[in-house]
Structure formats: C-alpha cells, structure tokens
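Analysis of the macromolecular model
Each chain, written out:
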Amino acid sequence: AALIPGFLGLFILMNVLKYQYDKDLIIAYTALAFLLGYLINTVGSWLEDFYFLTWGGKPSSQLLDGKDIWKVRFYHSKTTKEKLTEEFPAAKNNNELFSVAMRYANGTERVDTFNAYYAFSRAILTTVLFGTIVLLSTNYQDIRYYLVLLPLLFFCWLRCKQRAFYYAKEVLTVYLKVKSR
C-alpha cells in the first residue's frame with residue numbers, strides 16, 4: 001500500500017527534476033519510495049475531509065440518510081439507523097451512530113479488506129492529485145498532459161469514492177446482520 005503510491009510519486013519527482021534513473025540505486029529508490037508512500041498515505045488521511053466534501057459528504061452519513069451512489073446501493077438504511085439510534089439514543093449525528101456500527105464490524109475479515117482497499121484507493125487518489133498538480137504546473141502549455149491527467153484524476157476520484165461507500169456499506173451490513181439475529 002505504500003510502495004505503489006511511493007514509486008509513482010518518485011517517478012513523478014524524477015520526471016519533474018529531470019533526474020536520470022540509475023539501476024545501481026534500486027535499493028535506495030525502494031526505501032525512498034516506501035517513505036514517500038508513507039507520507040502520501042498520511043497526506044491522504046489529512047485530505048479525507050476534503051475528499052468527503054467533493055463527494056457530497058461522508059459515505060457513512062450518506063448511506064445512513066438513505067443516499068447511495070451508482071454501483072453502491074444500501075437498501076436498509078432506515079432499519080439500520082433505527083437500530084443504531086435505539087442502541088445509542090444520545091448520538092448527536094451519523095458519525096456517532098456509525099462508530100457504534102464499527103465496533104461490531106471492525107475485525108471481521110471482509111470489513112478489514114474493504115477498509116484496506118479504501119485506504120489504498122485514497123493513497124492512489126492523493127498520488128494522482130499531487131502528480132496532476134505538479135505535472136500540469138511544469139507542463140501547462142502541453143495539451144497532452146491535460147488529456148491524460150484530468151481523466152485519470154477523475155477516475156481515481158470516482159473509484160476512491162466508490163471504495164469509501166463499499167467500506168461504509170459493509171460496516172453497516174455487518175452491524176445489521178449481527179443485530180438481526
């Protein structure tokens with residue numbers, strides 16, 4: 001999860017800085033890519049609220065309010081929200097309700113897998129976002145960069161959004177399954 005975004009970031013930096021690849025430095029490149037990937041993951045985490053803003057809100061809150069997206073439907077939002085509210089009547093918002101569902105769902109293999117997929121998608125989105133900014137700022141007069149980078153950024157943004165919704169849906173589904181026994 002750190003190496004792929006890290007290597008992509010490293011290749012972007014090498015391109016912008018006009019640094020020539022040296023096969024004898026592969027171990028150093030790998031270590032640098034891991035560190036860069038770690039930093040990209042951190043920045044992606046910090047940008048999460050910005051990403052939620054561009055998606056129209058937190059996926060968990062949207063699903064609890066009955067709003068879903070193309071490819072990710074959650075048909076039991078009303079029942080799930082009612083059960084969560086019964087369990088935690090002092091909840092002030094959907095974030096607190098979702099945290100209750102997470103207590104039941106985290107640690108299950110499927111939920112952990114969906115969470116990992118979302119984190120990886122967020123790291124890829126962050127990498128492509130920064131890569132787009134850097135590459136467009138240094139090649140702003142070349143239309144080919146726009147034709148490649150802007151659609152790539154959109155697809156990464158959309159896929160990350162879908163992954164976030166899949167994760168939230170899985171948490172809520174596990175909670176509902178446990179509470180329906």
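Look up a bit, the structure's there.
The following paragraphs examine the structure supplied in this document. These figures come from a predicted structure and were not determined experimentally.

Reading the values: the criteria
Residues numbered from 1 in each chain as written. Predicted model: local features only at pLDDT ≥ 70, side-chain atom pairs only at ≥ 80, totals over all residues. Heavy atoms only, no water. Core = buried A, V, L, I, M, F, W, Y, C linked by side-chain atoms within 4.5 Å. Buried < 20%, exposed > 50% of the residue type's maximum accessible area, 1.4 Å probe, protein only. Helix = DSSP H or I, 4+ residues; strand = E, 2+ residues; numbered from the N terminus. Contact = heavy atoms within 4.5 Å. Patch = residues over 30% accessible without salt bridge, like charges linked within 9 Å, V, L, I, M, F, W, Y side chains within 5 Å. Areas by Shrake-Rupley, 256 points an atom, 1.4 Å probe, with all protein chains shown as cover. Salt bridge = Lys/Arg side-chain N within 4 Å of Asp/Glu carboxyl O.

**Side note on the nonpolar core**
Trp 55, Leu 84, Phe 98, Tyr 118, Tyr 167, Val 171 and Leu 172 are the most contacted members of the largest nonpolar core, which totals 32 residues. Contributing elements (two or more residues each) for this core: helix H3 (48-54), helix H4 (59-64), helix H6 (94-105), helix H7 (109-138) and helix H8 (143-179). Looking at which element gives the most residues to this core, the answer is H8, with 11 residues. If near-sequence neighbours (up to four positions away) are discounted, Leu 84 is found in contact with Leu 64, Leu 97, Val 100, Ala 101, Leu 172 and Tyr 175. In terms of nonpolar packing, the next biggest core, distinct from the first, is built from 7 residues, Leu 10, Met 14, Ala 33 and Leu 36 among them.

**Structural notes on unusual backbone geometry**
Of note, Lys 18 is a non-glycine position whose phi angle comes to about 60 degrees, a positive value. For Lys 18, the position within the fold is in the loop between helix H1 (3-16) and helix H2 (26-46). By relative accessible area, Lys 18 is classed as exposed at 67%.

**A short note on a nonpolar patch on the surface**
On the surface, Leu 13, Leu 17, Tyr 19 and Leu 25 cluster together into a nonpolar patch covering about 380 Å² of accessible area. Along the chain, Leu 17 turns up in the loop between H1 and H2.

**Brief notes about the pattern of salt bridges**
Counted under the stated rule, the structure contains 7 salt bridges. Across the salt bridge formed by Lys 23 and Asp 24, the nearest N and O atoms sit 3.7 Å from each other. In this pair, the class of Lys 23 matches that of Asp 24, namely exposed. Between Arg 110 and Glu 170 there is a salt bridge whose closest N-O contact spans 3.0 Å.

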